[in-house]
Amino acid sequence: MVLVAATGAAVVTSGIQVIAPGIPVIQEQFGLSAAQVGLLTSVFLFPSMFSALGAGALADRFGVRSVFTGSMLLFAAGGALSMVAPDLAVLLLARAVQGTAFGAVLSLSVAVIGLVVPTGAAAARGQSRRIIAMAVAEAVAPALGGVLIAVAWWAPFGVTLLAAPAAVLAWLWLPSARPPRRSRGQATRAVRESPALVGVQVLAAARFVTKYAVLTYVAVLGVTGLGMSPAAVGLALGVASTLAAVSAALTERLAHRWTSPQLIGGSLATTTASMVALAFAPSPAVLVAALLLFGLQDGVYGVAHNVLVTEMAPPEARSTYTGLTGTVRNVGKFTAPLLFGAATLVLTVGQSFLVLAAASAAASTVLRRVARAHGERVPLRDG
């Protein structure tokens, strides 16, 4: 089940990265303007803000196997439609279909692992496998897409058809039992009444607002402000992503000594330090060091927060809870560049990174309340 969840998350993650190298070819094929090119990503991410919660609610009602498998097949169908799209309208429709499945699969993959191992170091091991699989996909997909675009503009979309065999594996290996019949709205009430719900969601948003703001604007800071080449910034980001995968793999060991809130607290402190370093970076070396520090904490944060979600979720509404968290995360991804860009209207890029540092420090105050609720809940779950 952990393998199914990790494979599904990795496959849908490729939905953006695999076409990234071929965007200029796709732009030429459809005669797109620079503004229209942005739609290829935005229409993919936008529906994911809503589909995660809907998929979670359906999984708690009809079973995770059918919803997870159906979402994977929907992703593959969107990829097939992309390959034969005759015009931009159809291509954007196909991207929206895939984005809908993307949001569903990412949130449900966390829930599936939570069914197997909801808490402790074993949960950290399972969630780290998922994050490592996604990191590998993020590293391999662009290279594969760059090779396939030489065949035809539609060839990179063929990689997303791997979702179909992954759906078969999900149907074979995930539990087929449907959840007990519950009254309408029972799962929603259980989630709403769960302890520290708002705090857990704030911590979910904090990670992705910071991460996607960094991914969008660190090149501006490095190239424009410090004279780095785009290739150098890209290399630094790649190494940072590699470090995130390594730290995710090591989080299981850390989880033997520290709870998930404690690991998140360390990550927030490290994020604050790295954002301050970016804000005042006097040289490319300092910027690179800050990026690597950020990458190290991101792997730990990702695993620890996934574990926190499965620990705090009501057992009878785990998929709905993780769906809500997935929606919050996707909202963070979508809005982060917009929020950071708005900040640069009145501040410099460096000063805007200080705003991110302040936001991370503020999230630490929210974490204290979450940690208290976690301490009361987890011993009961373990017992």
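Treat the numbers as computed from the prediction; the structure is a model and nothing was measured.

Visitor: An account of the overall build of the chain is requested, with residue identities and associated values reported.
Guide: Along its length, the chain carries 16 helices and zero strands. A compact globule built from 383 residues should have a C-alpha radius of gyration of about 21 Å, and the chain, at 20 Å, falls within 12% of that. In the chain, which comprises 383 residues, the proportion classed as buried is 51%. In the chain, of all internal contacts separated by at least 6 residues, the share reaching a separation of at least 24 is 85%. Side chains of the chain give 24 positive and 11 negative charges; the mean places of these two sets differ by 5 Å.

Visitor: Run through the packing of aromatic side chains, naming residues and quoting values.
Guide: According to the stated counting rule, one finds eight aromatic pairs in the structure shown. Through a chain of ring-to-ring contacts, the aromatic side chains of Phe 30, Trp 153 and Phe 157 assemble into a single cluster. A cation sits over an aromatic face here: Arg 65 above Trp 171, 3.7 Å from the ring centre. For Lys 333, the ring lying beneath its charged end belongs to Phe 208, and the centroid distance is 4.9 Å.

Visitor: Residue-level account of the packing of helix α8 (residues 120–148) against helix α12 (residues 230–255), with values.
Guide: Contact pair α8 / α12: the axes reach a minimum separation of 8 Å and the direction vectors enclose 175 degrees. Judged by the inter-axis angle, α8 sits roughly antiparallel to α12. Judged by residue contacts, Ala 121, Ala 124, Arg 125, Ser 128, Arg 129, Ile 131, Ile 132 and Ala 135 of α8 engage Ala 245, Ala 248, Ala 249, Thr 251, Glu 252 and Ala 255 from α12. When the residues that make up the contact of α8 with α12 are grouped by side-chain class, the tally is nine nonpolar, two polar and three charged.

Visitor: I'd like a rundown of the nonpolar core, residues and numbers included.
Guide: One recurring pattern in soluble globular proteins is that nonpolar side chains are buried together. Val 12, Phe 68, Met 72, Phe 75 and Leu 108 are the most contacted members of the largest nonpolar core, which totals 38 residues. At eight residues, helix α7 (residues 88–116) tops the list of elements feeding residues into this core. If we ignore the near neighbours within four places in the chain, the residues touching Leu 108 are Ala 55, Gly 56, Ala 59, Val 64, Val 67, Phe 68 and Ser 319. In this structure, Val 191, Met 312, Ala 317 and Leu 367 belong to the second largest nonpolar core, which totals 23 residues.

Visitor: Please provide a residue-by-residue account of helix α2 (residues 23–30), values included.
Guide: Two residues of an α-helix separated by three or four positions point the same way, owing to the 3.6 residues in each turn. Ile 23, Ile 26 and Phe 30 are the residues of α2 that are buried. Along α2, the residues classed as buried sweep out an arc of 60 degrees about the axis, all on the same side. In α2, the exposed positions that point more than 90 degrees away from the buried face belong to Pro 24 and Glu 28. The secondary structure elements touched by the buried residues of α2 are α3 (34–37), α4 (39–45) and α7. A positive phi of about 65 degrees marks Gly 31, the residue just after α2.

Conventions adopted
Residues numbered from 1 in each chain as written. Predicted model: local features only at pLDDT ≥ 70, side-chain atom pairs only at ≥ 80, totals over all residues. Heavy atoms only, no water. Helix = DSSP H or I, 4+ residues; strand = E, 2+ residues; numbered from the N terminus. Rg over C-alpha atoms; globule rule 2.2 N^0.38 Å. Buried < 20%, exposed > 50% of the residue type's maximum accessible area, 1.4 Å probe, protein only. Contact = heavy atoms within 4.5 Å. Lys, Arg positive; Asp, Glu negative; His and termini not counted. Charge placed at Lys NZ, Arg CZ, Asp CG, Glu CD. Phe/Tyr/Trp six-rings, centres within 6.5 Å; stacked < 30°, edge-to-face > 60°. Lys NZ or Arg CZ within 6 Å of the ring centre and 35° of its normal. Axes fitted to C-alpha atoms, helices over the stretch in contact; angles between N-to-C directions. Parallel < 35°, antiparallel > 145°, perpendicular 65-115°, else oblique. Nonpolar A, V, L, I, M, F, W, Y, C, P; charged D, E, K, R; others polar. Core = buried A, V, L, I, M, F, W, Y, C linked by side-chain atoms within 4.5 Å. Arc of directions from axis to C-beta.

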